[in-house]
Structures are given as structure tokens and as C-alpha cells.
Amino acid sequence: MKRRAVLLRALAVLGLGGWTDAPPAWEVLRDASTIEMSVRALGGSHRGRFDDWRGDIAFDPEAPSRTRATVVVQTGSLTMRPAAVARRAVGPSFLDAARYPEIRFDLRSMEPLGGDRYTARAEVTMKGRTRPVAFPVDLRVTGDRAHLTGAFTLDRTEFGIGTRGAWNRMVGREVTVRVALQARRR
């Protein structure tokens, strides 16, 4: 068994990863999952939720470092209250959903911290700019079900969001993204 693991790692290093076993695929249960954001603006906290997104996950509970996931969010699906705030958020001064219809999240690894805690390492792409993120997550796996929760903070100006005009001074630079994903092994 040890020889097989060494051989598979060697093949992966040589770029022959197609010969290795891929982690099992998991189906994201959209009805039981959420992607939300919050930002301070105009003296208060404003929360929103992305309603249109899809995700692909490859995860092996025995080898979490091999985890890969891609989540693609439709930028224009952000809902906030009041609706005028959402329209401004997806408009040209901020997310610019017409020109940049997707936000992409690519999980590259999960590093165990002990128990159900991990550090997720990923790349986020918005408005044509990609930035790395690392953040703590809780991941519970029970049978063929997995539940992941976590949050990370982005500086919106690193993505060119809301960097011009009077609104830049009225909206906080830090945007917190919260995810709660449930998945089922395929």
C-alpha cells in the first residue's frame, strides 16, 4: 500500500496525474446551502445573498489536501434590502454585473487543523482580478453527507470594486463572505 502511494505521488509530480485516483465527486445541495456577503456602509451593516450559483466539489475525507472545488456565482443574482442597494451593488460603480457576470471561487486545498477544523486555500476572481484567500472552515462529514461553513474577508478595492466617486468613501473596504455548503457524495 505504501509503495502505491509513493508511485501515485511520483506520477502526480511528473504531471501524469491522470493515472492517479481523483477524489470522489460531491453534489452541492443548493437548497440547503447559502453564499452571503456583508459590508459596512452609510453607518450600518448591509447584508446580501447570492441566489444563482453552481459548485463542483472533489473531496476525499481521508485526504483533505486533495480537495478541489469551483463555485461560480452569477454577480447579478445578489439580493439585498432595500432593492435599490442591490441595484447599486451590481451596477457599474461596484460589481459591474453587466461586464463581469461571474465571480469565481477556486478551492486549491484544505489543510487539517484538528477535529473538524481546516484552513481552506483558494483563489477568488472578480472583475477580471484574481486574489488568494486563506480562511478557517468547519467541515463535518457524516456518511455520504458533508456540511462546510466558513467566512473570509476581502478588500473590495483589490478587485477594483467601488474605487471611484463619492460612494468609495461611504462604503467599507472590507467585505465579509460567508458560505454554508451542504453536499452529498455522488
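This part covers the overall build of the protein chain. Scanning the protein chain for helices and strands turns up 3 helices and 11 strands. When the elements of the protein chain are put in sequence order from the N terminus, they spell out α-β-β-β-β-β-β-α-β-β-β-β-α-β. Here the contacts in the protein chain between residues at least 6 apart in sequence split such that 55% fall between residues at least 24 apart.

A separate point is the pairing of strand E5 (residues 68-74). Pairing geometry for strand E4 (residues 53-58) and E5, over 6 bridges, is antiparallel. Across the sheet, residue Ala58 finds its bridge partner in E5, namely Arg68. The pairing of E5 with strand E7 (residues 102-114) spans 6 bridges and is antiparallel. Bridging from a neighbouring strand, Ala69 pairs with Leu107 of E7.

Attention now moves to the environment of Leu113. For Leu113, the location among the structural elements is in strand E7. A sequence separation of 25 residues divides Leu113 from Asp138, and the C-alpha atoms of the two residues are 9.9 Å apart. In contact with Leu113, not counting residues within four places along its chain, are Tyr118 and Thr119.

The next subject is the pattern of salt bridges. Using the criterion set out here, one finds 10 salt bridges in the structure. We note a salt bridge from Arg184 to Glu27, for which the minimum N-O separation is 3.1 Å. Residue Arg184 is found in strand E11 (residues 171-185), and its partner Glu27 is found in strand E1 (residues 25-28); the two are separated by 157 residues along the sequence. By relative accessible area, Glu27 is classed as partly exposed at 32%.

The next subject is the packing of aromatic side chains. Scanning the model with the defined rule gives 4 aromatic pairs in all. Plain terms: the ring middles of Phe135 and Phe152 are 4.8 Å apart, the flat faces sit at 40° to each other, and that makes the pair tilted. Remark: Phe152 occurs in strand E10 (residues 145-155) and Phe135 occurs in strand E9 (residues 129-142); sequence separation between them is 17 residues. Of the two residues examined, Phe135 and Phe152, each falls in the buried class. Three or more aromatic residues joined by ring pairs make a cluster, and in this case those are Phe105, Phe135 and Phe152. Just above the ring of Trp53 sits the side chain of Arg30; from NZ or CZ to the centre is 4.8 Å. Above the plane of the ring of Phe159 lies Arg131, whose end atom (NZ or CZ) is 6.0 Å from the centre.

This part is about the environment of Asp116. Along the chain, the position of Asp116 falls in the loop between E7 and strand E8 (117-126). Sequence separation between Asp116 and Arg140 is 24 residues; the distance between their C-alpha atoms is 5.9 Å. What Asp116 contacts, discounting residues up to four positions off in sequence, is Val137, Asp138, Leu139 and Arg140.

Criteria and thresholds
- Residues numbered from 1 in each chain as written.
- Predicted model: local features only at pLDDT ≥ 70, side-chain atom pairs only at ≥ 80, totals over all residues.
- Heavy atoms only, no water.
- Helix = DSSP H or I, 4+ residues; strand = E, 2+ residues; numbered from the N terminus.
- Contact = heavy atoms within 4.5 Å.
- Pairing = 2+ DSSP bridges.
- Salt bridge = Lys/Arg side-chain N within 4 Å of Asp/Glu carboxyl O.
- Buried < 20%, exposed > 50% of the residue type's maximum accessible area, 1.4 Å probe, protein only.
- Phe/Tyr/Trp six-rings, centres within 6.5 Å; stacked < 30°, edge-to-face > 60°.
- Lys NZ or Arg CZ within 6 Å of the ring centre and 35° of its normal.

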